[in-house]
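Fold and contact review
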Amino acid sequence: MTLIRKNKNLVAAFALFTVLTFVLIHKLSVPQDIIEVTIVEGDTLSQLAERYAGEVPTDRWIREVATLNNLTDSAIIAGEDLKLPSYFESEVDDTRLVLAEEGE
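The structure reproduced in this document is the subject of the present report. (Residues numbered from 1 in each chain as written. Predicted model: local features only at pLDDT ≥ 70, side-chain atom pairs only at ≥ 80, totals over all residues. Heavy atoms only, no water.)

**So, helix 3 (residues 45–52)**
Test applied: Relative accessibility under 20% of the residue-type maximum defines a buried residue, over 50% an exposed one, and the middle range a partly exposed one, all with a 1.4 Å probe and only protein chains included. A run of H or I in DSSP counts as a helix once it spans at least four residues, and a run of E counts as a strand once it spans at least two, with each numbered from the N terminus. This arc is taken over the directions from the axis of the helix to the C-beta atoms. Working rule for contacts: check all heavy atoms of both residues, and any pair within 4.5 Å makes them a contact.
By the burial criterion, the buried members of helix 3 are Leu45, Leu48, Ala49 and Tyr52. Here the buried residues of helix 3 occupy an arc of 105° about the axis, which is enough to place them on one side. Summarising the contacts, the buried residues of helix 3 are in contact with strand 1 (33–38), helix 4 (58–69) and strand 2 (81–86). One or two residues past the end of helix 3 sits glycine 54, with phi positive at roughly 60°.

**Notes on the nonpolar core**
Basically, it comes down to this: Among the buried residues, those of types Ala, Val, Leu, Ile, Met, Phe, Trp, Tyr and Cys that are joined through side-chain atoms within 4.5 Å form a nonpolar core.
In terms of nonpolar packing, the biggest core is built from 16 residues, with Leu45, Leu48, Tyr52, Trp61 and Leu84 touching the most fellow members. Among the elements that take part in this core, helix 3 stands out by supplying 4 residues, more than any other.

**Some remarks on helix 4**
Under the convention used in this document: A helix is expected to span 1.5 Å for every residue after the first.
Between the first and last C-alpha of helix 4 there are 16 Å, a value that for 12 residues agrees with the 16 Å anticipated at 1.5 Å per step. If you check which residues of helix 4 are buried, you get Trp61, Ile62, Val65, Ala66 and Asn69. The arc enclosing the buried residues of helix 4, seen along the axis, measures out at 140°, which places them on a common side. Contacts made by the buried residues of helix 4 are with helix 3 and strand 2. Within two residues after helix 4, asparagine 70 carries a phi angle of roughly 55°, on the positive side.

Bear in mind that shape data such as this cannot, by itself, settle questions of function.
See the structure below:
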């Protein structure tokens, strides 16, 4: 206890660092938006991840897409609409992009 009293500034700095770390991790791990795109011929989930996943690992992003769209494998079909988590702060410049309606 004496050690904590002598180093209370250090303990406070450590606590602040810990809280800020958790806030940053949460901000990076929660999608900014759920967007909806129409798949075009030649699209793959890996290519879509390059466009929309931000810093999120590709395999994790693909699992999230599979969960959002009830996919059983990574096959996607041209013409189908997919909901995608987007981890970018600003809107992605993509003419095929349509914000998903809330509740869909």
